[in-house]
Amino acid sequence: MKLTPFNTRLPIPKIQRPLYVKNGIAHFEINMKQVFQKLHKDLPDSVVWGYQGRYPGPTFEVNKGERIRVKWLNMLPDEHILPLDHTVHGAGQDVPNVRTVVHLHGARVNPESDGYPDAWFTNNFKEVGPFFVQETYDYPNDMEATLLWYHDHAIGITRLNIYAGLAGLYIIRDDNEKRLKLPEGEYEIPLLIQDRSFNSDGTLYYPAKPDDEQTNVFPSVVPEFFGETNLVNGVVWPYFEVEPRMYRFRIVNGSNARFYRISLSNRHKFHQIGTDGGLIDHPIELNEFLLAPAERIDLIIDFAKLNGQTIIMKNQAPAPFPDGNMPDPTTTGQIMAFKVIKPLKGEEDTVLPDQLNTINYLKESQASIIRPLTLVHTKDAYGRPLMLLDGKRWDDPISENPQLGAIEIWSLINLTDDTHPIHLHLIQFQILDRQPFDADHYKETGSLKFTGERREPAPYERGWKDTVSANPGEVTRIIGKFQPYTGRYVWHCHMLEHEDQEMMRPYEVIPKKNIIEKLFSKNKH
(Lines give C-alpha, C1' and ligand atoms only; values in the text may rest on other atoms or scores of the structure.)
Protein backbone atom coordinates (compact mmCIF):
# COMPACT_ATOMS: atom_id res chain seq x y z
CA MET A 1 0.00 0.00 0.00
CA LYS A 2 1.61 3.28 -1.14
CA LEU A 3 1.49 6.10 1.39
CA THR A 4 2.39 9.74 0.86
CA PRO A 5 5.31 10.84 3.06
CA PHE A 6 5.44 13.95 5.23
CA ASN A 7 1.73 14.77 5.36
CA THR A 8 1.17 13.88 9.03
CA ARG A 9 2.46 15.96 11.90
CA LEU A 10 4.91 14.39 14.37
CA PRO A 11 3.16 13.63 17.69
CA ILE A 12 5.03 14.13 20.96
CA PRO A 13 4.16 11.54 23.66
CA LYS A 14 2.69 13.09 26.79
CA ILE A 15 4.55 13.12 30.10
CA GLN A 16 3.02 10.61 32.50
CA ARG A 17 1.91 12.02 35.85
CA PRO A 18 1.85 9.87 39.01
CA LEU A 19 -1.35 8.49 40.45
CA TYR A 20 -0.24 9.66 43.89
CA VAL A 21 2.87 10.39 45.98
CA LYS A 22 3.41 8.66 49.32
CA ASN A 23 6.45 9.08 51.59
CA GLY A 24 8.23 10.91 48.81
CA ILE A 25 7.75 8.06 46.30
CA ALA A 26 5.62 8.65 43.21
CA HIS A 27 3.31 5.77 42.34
CA PHE A 28 2.06 5.05 38.83
CA GLU A 29 -0.41 2.63 37.29
CA ILE A 30 0.05 1.95 33.58
CA ASN A 31 -2.52 -0.01 31.60
CA MET A 32 -1.78 -1.99 28.44
CA LYS A 33 -4.82 -1.81 26.16
CA GLN A 34 -5.90 -2.66 22.64
CA VAL A 35 -7.03 0.49 20.81
CA PHE A 36 -7.60 1.99 17.37
CA GLN A 37 -5.07 4.64 16.36
CA LYS A 38 -4.35 6.60 13.18
CA LEU A 39 -0.76 5.98 12.11
CA HIS A 40 -0.93 7.89 8.80
CA LYS A 41 -3.34 10.43 7.36
CA ASP A 42 -4.25 8.13 4.44
CA LEU A 43 -4.58 4.91 6.48
CA PRO A 44 -7.71 3.67 8.22
CA ASP A 45 -7.27 3.50 11.98
CA SER A 46 -4.98 0.64 12.99
CA VAL A 47 -5.48 -1.83 15.82
CA VAL A 48 -2.49 -1.46 18.15
CA TRP A 49 -1.50 -2.25 21.71
CA GLY A 50 -0.44 0.70 23.81
CA TYR A 51 0.60 1.66 27.31
CA GLN A 52 -2.20 3.91 28.62
CA GLY A 53 -3.96 3.19 25.35
CA ARG A 54 -1.40 4.99 23.19
CA TYR A 55 1.38 3.87 20.86
CA PRO A 56 4.02 4.77 21.82
CA GLY A 57 3.22 4.95 25.51
CA PRO A 58 3.58 8.06 27.68
CA THR A 59 7.02 9.38 28.58
CA PHE A 60 8.27 9.11 32.15
CA GLU A 61 10.40 12.03 33.36
CA VAL A 62 12.24 11.73 36.68
CA ASN A 63 15.23 13.21 38.47
CA LYS A 64 18.31 11.23 39.44
CA GLY A 65 17.71 9.51 42.78
CA GLU A 66 13.95 10.06 42.61
CA ARG A 67 12.53 6.62 43.37
CA ILE A 68 9.24 5.72 41.72
CA ARG A 69 7.01 2.64 41.68
CA VAL A 70 5.04 1.47 38.67
CA LYS A 71 2.26 -1.11 38.59
CA TRP A 72 2.05 -2.44 35.05
CA LEU A 73 -1.46 -3.74 34.27
CA ASN A 74 -2.21 -6.09 31.38
CA MET A 75 -5.72 -5.25 30.11
CA LEU A 76 -5.22 -6.86 26.70
CA PRO A 77 -7.53 -9.41 25.03
CA ASP A 78 -6.83 -13.14 25.28
CA GLU A 79 -5.89 -13.50 21.59
CA HIS A 80 -2.96 -11.87 19.83
CA ILE A 81 -3.42 -9.54 16.87
CA LEU A 82 -0.32 -11.02 15.16
CA PRO A 83 0.54 -14.58 14.04
CA LEU A 84 1.81 -16.76 16.90
CA ASP A 85 4.37 -19.54 16.38
CA HIS A 86 3.86 -22.08 19.17
CA THR A 87 7.10 -23.91 18.27
CA VAL A 88 9.18 -21.00 19.60
CA HIS A 89 10.58 -21.73 23.04
CA GLY A 90 8.43 -20.21 25.78
CA ALA A 91 5.43 -19.70 23.45
CA GLY A 92 4.04 -23.24 23.41
CA GLN A 93 0.44 -24.36 23.62
CA ASP A 94 0.76 -24.74 27.40
CA VAL A 95 1.07 -20.97 28.06
CA PRO A 96 -1.41 -18.14 27.39
CA ASN A 97 -1.24 -16.57 23.93
CA VAL A 98 -1.10 -13.04 25.36
CA ARG A 99 1.48 -12.47 28.06
CA THR A 100 3.43 -9.35 28.97
CA VAL A 101 6.30 -8.24 31.18
CA VAL A 102 7.91 -4.79 31.10
CA HIS A 103 11.65 -4.17 30.83
CA LEU A 104 13.03 -0.67 31.44
CA HIS A 105 15.86 -0.89 28.93
CA GLY A 106 19.16 0.50 30.22
CA ALA A 107 18.00 0.89 33.83
CA ARG A 108 19.86 -0.23 36.92
CA VAL A 109 17.19 -2.04 38.93
CA ASN A 110 16.86 -5.10 41.14
CA PRO A 111 16.06 -8.36 39.32
CA GLU A 112 12.44 -8.43 40.50
CA SER A 113 11.83 -5.14 38.65
CA ASP A 114 13.90 -5.86 35.56
CA GLY A 115 11.27 -7.55 33.42
CA TYR A 116 12.74 -11.05 33.35
CA PRO A 117 11.28 -12.87 30.29
CA ASP A 118 9.80 -15.70 32.38
CA ALA A 119 8.18 -13.24 34.84
CA TRP A 120 5.24 -12.65 32.50
CA PHE A 121 1.64 -12.04 33.52
CA THR A 122 -1.75 -12.06 31.82
CA ASN A 123 -4.84 -9.87 32.05
CA ASN A 124 -5.54 -9.03 35.70
CA PHE A 125 -2.65 -11.33 36.74
CA LYS A 126 -4.88 -14.39 36.25
CA GLU A 127 -1.82 -16.40 35.19
CA VAL A 128 1.84 -15.61 35.80
CA GLY A 129 5.17 -17.03 34.67
CA PRO A 130 7.52 -19.16 36.78
CA PHE A 131 9.73 -16.18 37.69
CA PHE A 132 6.92 -13.72 38.46
CA VAL A 133 7.50 -12.10 41.86
CA GLN A 134 5.60 -8.82 42.19
CA GLU A 135 2.98 -6.68 40.51
CA THR A 136 4.64 -3.32 41.24
CA TYR A 137 8.14 -2.48 39.97
CA ASP A 138 10.62 -0.33 41.86
CA TYR A 139 12.79 2.12 39.89
CA PRO A 140 15.44 3.90 42.02
CA ASN A 141 16.75 6.01 39.10
CA ASP A 142 20.25 6.17 40.58
CA MET A 143 21.80 6.97 37.20
CA GLU A 144 23.16 9.97 35.35
CA ALA A 145 20.84 11.91 33.08
CA THR A 146 19.94 9.73 30.12
CA LEU A 147 17.18 8.47 27.85
CA LEU A 148 15.94 4.94 28.51
CA TRP A 149 12.98 3.18 26.94
CA TYR A 150 10.50 0.66 28.27
CA HIS A 151 9.09 -2.19 26.25
CA ASP A 152 7.68 -5.67 26.50
CA HIS A 153 10.00 -8.61 27.18
CA ALA A 154 7.75 -11.69 27.41
CA ILE A 155 9.60 -14.84 26.40
CA GLY A 156 8.83 -16.13 22.91
CA ILE A 157 6.62 -13.19 21.86
CA THR A 158 8.70 -10.06 22.47
CA ARG A 159 8.92 -9.44 18.70
CA LEU A 160 5.13 -9.46 18.44
CA ASN A 161 4.32 -7.45 21.56
CA ILE A 162 6.71 -4.63 20.70
CA TYR A 163 5.57 -4.66 17.06
CA ALA A 164 1.98 -4.37 18.28
CA GLY A 165 2.96 -1.12 20.04
CA LEU A 166 4.22 -1.88 23.55
CA ALA A 167 7.03 0.65 23.83
CA GLY A 168 7.61 4.06 25.43
CA LEU A 169 10.30 6.48 26.58
CA TYR A 170 11.80 7.22 30.01
CA ILE A 171 13.98 10.27 30.74
CA ILE A 172 16.25 10.72 33.77
CA ARG A 173 17.44 14.26 34.59
CA ASP A 174 20.30 15.39 36.84
CA ASP A 175 21.93 18.62 38.06
CA ASN A 176 24.82 18.38 35.60
CA GLU A 177 22.45 18.30 32.64
CA LYS A 178 20.39 21.19 34.00
CA ARG A 179 23.38 23.51 34.32
CA LEU A 180 24.39 23.03 30.67
CA LYS A 181 21.55 25.15 29.20
CA LEU A 182 20.78 22.61 26.50
CA PRO A 183 17.57 22.99 24.45
CA GLU A 184 14.62 22.08 26.64
CA GLY A 185 10.85 22.11 26.75
CA GLU A 186 9.38 22.38 23.26
CA TYR A 187 12.92 22.33 21.84
CA GLU A 188 13.78 18.90 23.25
CA ILE A 189 12.13 16.23 21.10
CA PRO A 190 12.08 12.45 21.63
CA LEU A 191 12.05 10.35 18.44
CA LEU A 192 11.16 6.64 18.63
CA ILE A 193 11.96 5.20 15.17
CA GLN A 194 10.41 1.88 14.10
CA ASP A 195 9.50 0.17 10.84
CA ARG A 196 6.09 -1.32 10.06
CA SER A 197 4.05 -2.74 7.19
CA PHE A 198 0.29 -2.45 6.73
CA ASN A 199 -2.60 -4.30 5.18
CA SER A 200 -5.01 -2.30 3.02
CA ASP A 201 -7.48 -2.02 5.91
CA GLY A 202 -4.86 -0.31 8.09
CA THR A 203 -4.07 -3.34 10.25
CA LEU A 204 -0.47 -4.13 11.02
CA TYR A 205 1.09 -6.67 8.69
CA TYR A 206 3.56 -9.13 10.16
CA PRO A 207 4.56 -12.21 8.12
CA ALA A 208 3.08 -15.54 9.18
CA LYS A 209 6.04 -17.44 7.70
CA PRO A 210 9.42 -16.78 6.06
CA ASP A 211 9.36 -16.05 2.32
CA ASP A 212 12.40 -18.10 1.40
CA GLU A 213 12.48 -20.89 3.98
CA GLN A 214 10.91 -24.32 3.55
CA THR A 215 9.18 -25.36 6.77
CA ASN A 216 6.07 -27.27 7.70
CA VAL A 217 5.43 -24.89 10.61
CA PHE A 218 2.63 -22.35 10.23
CA PRO A 219 2.63 -19.70 11.56
CA SER A 220 6.43 -19.72 11.72
CA VAL A 221 8.92 -17.32 13.24
CA VAL A 222 10.81 -15.37 10.57
CA PRO A 223 14.61 -14.83 10.66
CA GLU A 224 14.21 -11.02 10.80
CA PHE A 225 11.45 -8.53 10.08
CA PHE A 226 11.85 -5.41 7.92
CA GLY A 227 8.85 -3.15 7.39
CA GLU A 228 7.93 -1.19 4.26
CA THR A 229 7.62 2.15 6.07
CA ASN A 230 9.39 4.01 8.85
CA LEU A 231 7.40 5.42 11.75
CA VAL A 232 8.46 8.07 14.25
CA ASN A 233 6.50 8.32 17.50
CA GLY A 234 3.85 6.06 15.97
CA VAL A 235 3.35 7.97 12.68
CA VAL A 236 4.49 6.97 9.19
CA TRP A 237 7.02 9.47 7.76
CA PRO A 238 5.89 12.47 9.81
CA TYR A 239 6.93 16.07 9.45
CA PHE A 240 8.00 18.39 12.25
CA GLU A 241 7.89 22.18 12.04
CA VAL A 242 10.82 23.93 13.71
CA GLU A 243 12.11 27.42 14.36
CA PRO A 244 15.50 28.53 12.96
CA ARG A 245 17.37 27.64 16.17
CA MET A 246 18.94 24.70 18.06
CA TYR A 247 16.88 21.62 18.93
CA ARG A 248 17.76 18.59 20.98
CA PHE A 249 16.62 15.23 19.57
CA ARG A 250 16.61 12.10 21.76
CA ILE A 251 16.51 9.19 19.31
CA VAL A 252 15.71 5.51 19.97
CA ASN A 253 15.86 2.76 17.37
CA GLY A 254 12.88 0.66 18.47
CA SER A 255 12.70 -1.50 15.33
CA ASN A 256 12.57 -5.28 15.42
CA ALA A 257 15.68 -5.77 13.28
CA ARG A 258 16.34 -2.72 11.10
CA PHE A 259 19.55 -0.72 11.48
CA TYR A 260 19.54 2.95 10.50
CA ARG A 261 22.45 4.88 8.99
CA ILE A 262 21.12 8.35 9.55
CA SER A 263 22.04 11.58 7.75
CA LEU A 264 20.27 14.77 6.64
CA SER A 265 19.36 15.39 3.00
CA ASN A 266 21.30 18.66 2.85
CA ARG A 267 24.34 17.03 4.58
CA HIS A 268 23.87 19.42 7.48
CA LYS A 269 25.83 18.27 10.50
CA PHE A 270 24.65 16.83 13.79
CA HIS A 271 26.33 17.46 17.11
CA GLN A 272 26.17 14.36 19.27
CA ILE A 273 26.01 14.97 23.02
CA GLY A 274 25.05 11.55 24.39
CA THR A 275 24.80 7.78 23.96
CA ASP A 276 22.75 4.96 25.55
CA GLY A 277 24.07 5.75 29.02
CA GLY A 278 23.95 9.54 29.02
CA LEU A 279 26.04 12.58 28.15
CA ILE A 280 29.48 12.10 26.62
CA ASP A 281 32.57 14.17 27.51
CA HIS A 282 32.49 16.62 24.60
CA PRO A 283 30.17 17.26 21.64
CA ILE A 284 31.08 15.34 18.48
CA GLU A 285 30.35 16.69 15.00
CA LEU A 286 28.83 14.03 12.71
CA ASN A 287 27.65 13.86 9.11
CA GLU A 288 26.02 10.48 9.73
CA PHE A 289 25.84 7.71 12.30
CA LEU A 290 24.69 4.11 12.59
CA LEU A 291 21.95 3.22 15.06
CA ALA A 292 21.32 -0.47 15.79
CA PRO A 293 18.07 -1.80 17.26
CA ALA A 294 17.72 -0.60 20.90
CA GLU A 295 20.54 1.96 20.66
CA ARG A 296 19.95 5.60 21.57
CA ILE A 297 21.69 8.78 20.57
CA ASP A 298 21.35 12.35 21.89
CA LEU A 299 21.79 15.05 19.24
CA ILE A 300 21.74 18.79 18.67
CA ILE A 301 20.65 20.08 15.26
CA ASP A 302 21.01 23.81 14.64
CA PHE A 303 18.44 25.06 12.11
CA ALA A 304 19.51 28.72 12.51
CA LYS A 305 20.77 29.11 8.93
CA LEU A 306 18.16 26.88 7.30
CA ASN A 307 15.11 29.15 7.42
CA GLY A 308 12.48 28.18 4.85
CA GLN A 309 14.06 24.82 4.03
CA THR A 310 12.64 21.30 4.30
CA ILE A 311 15.25 18.75 5.36
CA ILE A 312 14.73 14.99 5.17
CA MET A 313 16.18 12.63 7.75
CA LYS A 314 17.51 9.78 5.59
CA ASN A 315 18.43 6.15 6.17
CA GLN A 316 21.14 4.40 4.16
CA ALA A 317 21.61 1.16 6.11
CA PRO A 318 21.13 -2.13 4.23
CA ALA A 319 18.72 -4.74 5.56
CA PRO A 320 19.72 -7.23 6.80
CA PHE A 321 22.78 -5.42 8.08
CA PRO A 322 25.56 -5.30 6.92
CA ASP A 323 25.18 -7.12 3.56
CA GLY A 324 21.50 -6.89 2.68
CA ASN A 325 19.60 -4.69 0.25
CA MET A 326 19.96 -0.93 0.34
CA PRO A 327 16.76 0.91 1.30
CA ASP A 328 14.52 2.40 -1.37
CA PRO A 329 15.17 6.16 -1.16
CA THR A 330 11.43 6.83 -1.58
CA THR A 331 10.31 4.50 1.24
CA THR A 332 12.57 2.97 3.90
CA GLY A 333 15.37 5.30 2.85
CA GLN A 334 13.57 8.23 4.48
CA ILE A 335 12.46 8.65 8.07
CA MET A 336 10.89 12.09 8.60
CA ALA A 337 11.02 15.73 7.47
CA PHE A 338 11.99 18.91 9.29
CA LYS A 339 10.26 22.04 8.00
CA VAL A 340 12.04 25.22 9.12
CA ILE A 341 8.98 27.47 8.81
CA LYS A 342 8.09 28.56 12.34
CA PRO A 343 9.01 32.11 13.41
CA LEU A 344 11.75 32.41 16.00
CA LYS A 345 10.34 33.09 19.47
CA GLY A 346 12.61 35.73 20.91
CA GLU A 347 16.36 35.41 21.33
CA GLU A 348 17.83 31.94 21.69
CA ASP A 349 19.51 31.38 25.06
CA THR A 350 20.71 27.79 24.62
CA VAL A 351 24.35 26.93 24.06
CA LEU A 352 26.43 23.95 22.97
CA PRO A 353 29.01 23.60 25.76
CA ASP A 354 32.56 22.38 25.11
CA GLN A 355 32.45 20.18 28.22
CA LEU A 356 29.34 18.06 28.80
CA ASN A 357 30.43 15.41 31.27
CA THR A 358 33.44 13.65 32.77
CA ILE A 359 33.39 9.92 32.06
CA ASN A 360 35.45 7.47 34.07
CA TYR A 361 36.84 5.14 31.43
CA LEU A 362 37.52 1.62 32.66
CA LYS A 363 40.93 0.07 32.04
CA GLU A 364 41.65 -3.44 30.86
CA SER A 365 43.96 -3.92 33.85
CA GLN A 366 40.94 -3.54 36.16
CA ALA A 367 39.19 -6.59 34.70
CA SER A 368 39.15 -9.72 36.87
CA ILE A 369 38.09 -11.99 34.02
CA ILE A 370 37.89 -12.05 30.23
CA ARG A 371 34.97 -14.07 28.84
CA PRO A 372 35.20 -15.31 25.24
CA LEU A 373 31.60 -15.69 24.02
CA THR A 374 30.66 -16.84 20.54
CA LEU A 375 27.72 -15.78 18.38
CA VAL A 376 26.85 -18.78 16.21
CA HIS A 377 24.48 -19.65 13.36
CA THR A 378 22.90 -23.07 13.22
CA LYS A 379 19.46 -24.56 12.46
CA ASP A 380 16.56 -25.58 14.65
CA ALA A 381 14.62 -28.85 14.59
CA TYR A 382 12.51 -27.55 11.67
CA GLY A 383 15.48 -26.52 9.53
CA ARG A 384 15.04 -22.81 10.23
CA PRO A 385 17.94 -20.42 10.96
CA LEU A 386 18.85 -20.40 14.64
CA MET A 387 21.28 -17.93 16.25
CA LEU A 388 22.79 -18.80 19.63
CA LEU A 389 24.95 -17.14 22.25
CA ASP A 390 28.01 -19.29 22.98
CA GLY A 391 26.20 -22.27 21.46
CA LYS A 392 23.68 -22.40 24.32
CA ARG A 393 19.91 -22.10 24.54
CA TRP A 394 17.76 -20.19 27.01
CA ASP A 395 17.14 -23.16 29.32
CA ASP A 396 20.76 -24.37 29.43
CA PRO A 397 22.52 -23.93 32.81
CA ILE A 398 23.77 -20.42 33.57
CA SER A 399 27.42 -20.10 32.52
CA GLU A 400 28.08 -16.39 33.17
CA ASN A 401 28.06 -15.55 36.88
CA PRO A 402 30.06 -12.37 37.54
CA GLN A 403 30.56 -11.50 41.17
CA LEU A 404 29.09 -8.31 42.57
CA GLY A 405 31.35 -5.34 41.85
CA ALA A 406 33.57 -7.24 39.41
CA ILE A 407 34.85 -5.58 36.27
CA GLU A 408 34.80 -7.99 33.34
CA ILE A 409 35.69 -7.96 29.66
CA TRP A 410 33.30 -9.81 27.37
CA SER A 411 34.82 -10.74 23.99
CA LEU A 412 32.00 -11.30 21.50
CA ILE A 413 33.28 -13.64 18.76
CA ASN A 414 30.84 -13.31 15.85
CA LEU A 415 30.79 -16.44 13.66
CA THR A 416 27.59 -15.45 11.82
CA ASP A 417 26.98 -13.28 8.75
CA ASP A 418 24.91 -10.69 10.63
CA THR A 419 25.74 -7.74 12.83
CA HIS A 420 24.07 -8.46 16.17
CA PRO A 421 23.15 -5.66 18.61
CA ILE A 422 24.04 -7.30 21.93
CA HIS A 423 22.30 -5.89 25.01
CA LEU A 424 23.19 -6.57 28.65
CA HIS A 425 20.61 -5.92 31.34
CA LEU A 426 21.57 -4.18 34.62
CA ILE A 427 24.84 -2.55 33.58
CA GLN A 428 26.23 0.12 31.32
CA PHE A 429 29.54 -0.79 29.68
CA GLN A 430 32.16 0.71 27.40
CA ILE A 431 33.33 -0.58 24.01
CA LEU A 432 37.05 -1.33 23.99
CA ASP A 433 37.63 -2.29 20.36
CA ARG A 434 36.86 -4.56 17.42
CA GLN A 435 39.30 -6.83 15.61
CA PRO A 436 38.84 -9.00 12.51
CA PHE A 437 39.65 -12.71 12.73
CA ASP A 438 39.62 -15.83 10.58
CA ALA A 439 36.19 -17.34 11.31
CA ASP A 440 36.87 -20.58 9.39
CA HIS A 441 40.09 -21.12 11.34
CA TYR A 442 38.20 -20.61 14.60
CA LYS A 443 35.48 -23.08 13.61
CA GLU A 444 38.13 -25.69 12.79
CA THR A 445 40.49 -25.17 15.72
CA GLY A 446 38.67 -23.17 18.38
CA SER A 447 41.50 -20.64 18.44
CA LEU A 448 41.55 -17.03 17.32
CA LYS A 449 43.71 -16.04 14.36
CA PHE A 450 43.47 -12.29 13.90
CA THR A 451 43.63 -10.88 10.38
CA GLY A 452 43.88 -7.18 11.17
CA GLU A 453 44.56 -4.57 13.81
CA ARG A 454 42.26 -3.64 16.64
CA ARG A 455 39.91 -0.81 15.77
CA GLU A 456 38.59 1.67 18.30
CA PRO A 457 34.83 2.23 18.51
CA ALA A 458 33.30 4.82 16.20
CA PRO A 459 33.21 8.34 17.69
CA TYR A 460 29.44 8.09 18.27
CA GLU A 461 29.92 4.86 20.29
CA ARG A 462 32.17 6.37 22.97
CA GLY A 463 31.00 6.70 26.55
CA TRP A 464 28.50 4.48 28.35
CA LYS A 465 26.52 1.93 26.37
CA ASP A 466 24.11 -0.93 27.05
CA THR A 467 23.87 -2.18 23.46
CA VAL A 468 26.81 -2.87 21.12
CA SER A 469 26.97 -3.89 17.47
CA ALA A 470 28.99 -7.10 17.11
CA ASN A 471 29.99 -7.32 13.45
CA PRO A 472 30.51 -10.57 11.52
CA GLY A 473 34.07 -11.83 11.41
CA GLU A 474 35.11 -9.61 14.30
CA VAL A 475 35.79 -9.89 18.00
CA THR A 476 34.01 -7.03 19.77
CA ARG A 477 35.27 -6.36 23.29
CA ILE A 478 33.28 -4.57 25.96
CA ILE A 479 34.15 -3.81 29.58
CA GLY A 480 31.71 -3.21 32.42
CA LYS A 481 31.23 -3.36 36.19
CA PHE A 482 28.51 -5.65 37.51
CA GLN A 483 26.71 -3.68 40.19
CA PRO A 484 24.81 -2.69 42.32
CA TYR A 485 22.49 -5.73 42.59
CA THR A 486 22.86 -9.48 42.73
CA GLY A 487 20.45 -11.82 41.03
CA ARG A 488 19.40 -13.13 37.66
CA TYR A 489 19.47 -10.92 34.57
CA VAL A 490 19.73 -11.55 30.83
CA TRP A 491 21.89 -10.72 27.84
CA HIS A 492 20.66 -11.10 24.28
CA CYS A 493 20.64 -9.99 20.69
CA HIS A 494 18.21 -7.10 20.29
CA MET A 495 17.08 -8.19 16.85
CA LEU A 496 13.78 -9.31 18.28
CA GLU A 497 13.28 -12.31 16.02
CA HIS A 498 16.72 -13.58 17.09
CA GLU A 499 15.95 -12.89 20.75
CA ASP A 500 12.69 -14.82 20.61
CA GLN A 501 14.34 -17.70 18.74
CA GLU A 502 16.87 -18.56 21.52
CA MET A 503 19.52 -15.81 21.06
CA MET A 504 19.11 -14.85 24.70
CA ARG A 505 20.79 -16.16 27.83
CA PRO A 506 20.34 -15.62 31.57
CA TYR A 507 23.31 -14.56 33.66
CA GLU A 508 23.56 -14.23 37.42
CA VAL A 509 25.41 -11.66 39.50
CA ILE A 510 26.44 -13.43 42.71
CA PRO A 511 27.95 -12.24 46.00
CA LYS A 512 31.65 -12.86 46.50
CA LYS A 513 30.99 -15.40 49.27
CA ASN A 514 29.04 -17.56 46.82
CA ILE A 515 32.11 -17.85 44.61
CA ILE A 516 34.20 -18.93 47.59
CA GLU A 517 31.53 -21.47 48.57
CA LYS A 518 31.38 -22.85 45.02
CA LEU A 519 35.15 -23.20 44.81
CA PHE A 520 35.27 -24.88 48.20
CA SER A 521 32.49 -27.26 47.19
CA LYS A 522 34.26 -28.10 43.92
CA ASN A 523 37.58 -28.79 45.65
CA LYS A 524 35.85 -30.85 48.33
CA HIS A 525 34.40 -33.18 45.73
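Now for a quick tour of the structure. (Residues numbered from 1 in each chain as written. Predicted model: local features only at pLDDT ≥ 70, side-chain atom pairs only at ≥ 80, totals over all residues. Heavy atoms only, no water.)

## Comments concerning the overall build of the protein chain
Note the threshold: The numbering of helices and of strands both runs from the N terminus, where a helix is a DSSP run of H or I of at least 4 residues and a strand a run of E of at least 2. Our radius of gyration is a C-alpha quantity, and the globule rule it is checked against amounts to 2.2 Å times the number of residues to the power 0.38. Relative accessibility decides the category of a residue: with a 1.4 Å probe and only protein chains considered, values under 20% of the type maximum give buried, values over 50% give exposed, and everything between is partly exposed. In what follows, residue pairs with any heavy atoms lying within 4.5 Å of each other are defined as contacts. Here, Shrake-Rupley sampling with a 1.4 Å probe gives the accessible areas, and only protein chains in the shown set may cover a residue. Here Asp and Glu are counted as negative and Lys and Arg as positive; His is not counted, and neither are the chain ends. Charged groups are reduced to one reference atom each: NZ for lysine, CZ for arginine, CG for aspartic acid, CD for glutamic acid.
Along the backbone of the protein chain there are five helices and 31 strands. For 525 residues, the compact-globule estimate of 2.2 N^0.38 gives 24 Å, and the C-alpha radius of gyration of the protein chain, at 22 Å, lies within 12% of that figure. Within the span of the protein chain, comprising 525 residues, buried residues form 60% of the whole. Residue pairs at least 24 apart in sequence account for 78% of intrachain contacts in the protein chain once pairs closer than 6 positions are excluded. Carbon and sulfur atoms make up 48% of the accessible area of the protein chain, which totals about 20,900 Å². If you average the places of the 58 positive and of the 70 negative side-chain charges in the protein chain, the two averages end up 3 Å apart.

## Topic: the side chain of Gln435
This is how the line gets drawn: Distance and chemistry together define a polar contact, namely a pair of N or O atoms within 3.5 Å, with one atom able to donate a hydrogen and the other to accept it when in protein, and with adjacent residues in sequence counting only for side-chain atoms on both sides.
Along the chain, Gln435 falls in strand S27 (residues 429-436). For Gln435, the side chain forms a polar contact with the main-chain oxygen of Gly452, separated by 3.0 Å. Once residues within four sequence positions are removed from consideration, Gln435 is found in contact with Phe450, Gly452, Glu453, Arg454, Gly473, Glu474 and Val475.

## Re empty space enclosed by the protein
The test is simple: Method remark: on a 1 Å grid restricted to protein atoms, a set of points is classed as a cavity if a 1.4 Å probe fits but cannot get out and as a pocket if it is open with protein on both sides within 12 Å along at least five of seven lines; lining residues have an atom within 4 Å of a point. Grid points are joined across faces, edges and corners, and a volume is the space filled by probe spheres set on the points. In this classification, the charged set is Asp, Glu, Lys and Arg, the nonpolar set is Ala, Val, Leu, Ile, Met, Phe, Trp, Tyr, Cys and Pro, and all remaining amino acids, among them Gly, are polar.
The final tally for this structure, using the stated rule, is four cavities of 30 Å³ or more. Taken together, Ala145, Thr146, Leu147, Glu177, Arg248, Arg250, Thr275, Gly278, Leu279, Arg296, Ile297 and Asp298 make up the full set of residues lining the largest cavity. Ranked by residues supplied to the lining of the largest cavity, first place goes to strand S20 (residues 296-302) with three residues. Counted by class, the lining of the largest cavity contains four nonpolar, three polar and five charged residues. There is about 60 Å³ of room inside the second largest cavity. Around the second largest cavity, the lining residues are His89, Ile155, Gly156, Trp394, Glu499, Asp500, Glu502 and Met504. Looking at the lining of the second largest cavity, its residues break down into three nonpolar, two polar and three charged.

## What about the pattern of salt bridges?
Applied cut-off: Salt bridges are defined as contacts in which a side-chain nitrogen from Lys or Arg sits within 4 Å of a carboxyl oxygen from Asp or Glu.
If you walk through the whole model with that rule in mind, you get 34 salt bridges. Put simply, Glu241 and Arg9 hold a salt bridge, and the shortest N to O gap is 3.6 Å. Taken together, the residues span a long stretch of sequence, with Glu241 in strand S14 (residues 239-242) and Arg9 in the segment before strand S1 (20-22) at a distance of 232 residues. Its salt-bridge partner being Glu61, residue Arg173 comes within 3.1 Å of it at the nearest N-O pair. You can see Arg173 sitting in strand S9 (residues 167-173) and its partner Glu61 sitting in strand S4 (residues 60-63), a full 112 residues away along the chain. One network of salt bridges, in which partners are shared, links Glu61, Arg173, Glu177, Glu188, Arg248, Arg250 and Asp298.

## Observations concerning the pairing of strand S21 (residues 310-315)
Applied cut-off: For two strands to be treated as a pair, DSSP must find no fewer than two bridges joining them.
The pairing of strand S16 (residues 260-264) with S21 spans three bridges and is antiparallel. Considered in S21, the bridge of Ser263 is made with Lys314. Alignment of S21 against strand S22 (residues 334-340), held across five bridges, turns out to be antiparallel. When the sheet's bridge partners are listed, Lys314 is paired in S22 with Gln334.

## Considering the packing of aromatic side chains
What counts here: Any two of the Phe, Tyr and Trp rings considered here, Trp counted by its six-membered ring, make a pair once their centres fall within 6.5 Å; the pair's planes then place it as stacked at under 30 degrees, edge-to-face at over 60, or tilted in between.
For the structure on display, the rule yields 33 aromatic pairs. Between Phe240 and Phe249, the aromatic rings sit 6.4 Å apart at their centres with planes inclined by 85°, giving edge-to-face as the arrangement. According to the relative accessible area criterion, Phe240 is buried, its value standing at 11%. Note on Phe249: relative accessible area 1%, which makes it buried.

## Considering the nonpolar core
Note the cut-off: Each nonpolar core is a collection of buried residues, namely Ala, Val, Leu, Ile, Met, Phe, Trp, Tyr and Cys, held together in the definition by side-chain atoms within 4.5 Å.
In this structure, Phe249, Ile251, Phe289, Phe303, Met313 and Ile422 are the most contacted members of the largest nonpolar core, which totals 69 residues. If we ignore the near neighbours within four places in the chain, the residues touching Met313 are Leu191, Ile193, Ile251, Ile262, Ser263, Leu264, Gln334, Ile335, Met336 and Phe338. Of all hydrophobic cores here, the second largest spans 65 residues; its members include Phe60, Leu73, Met143 and Leu231.

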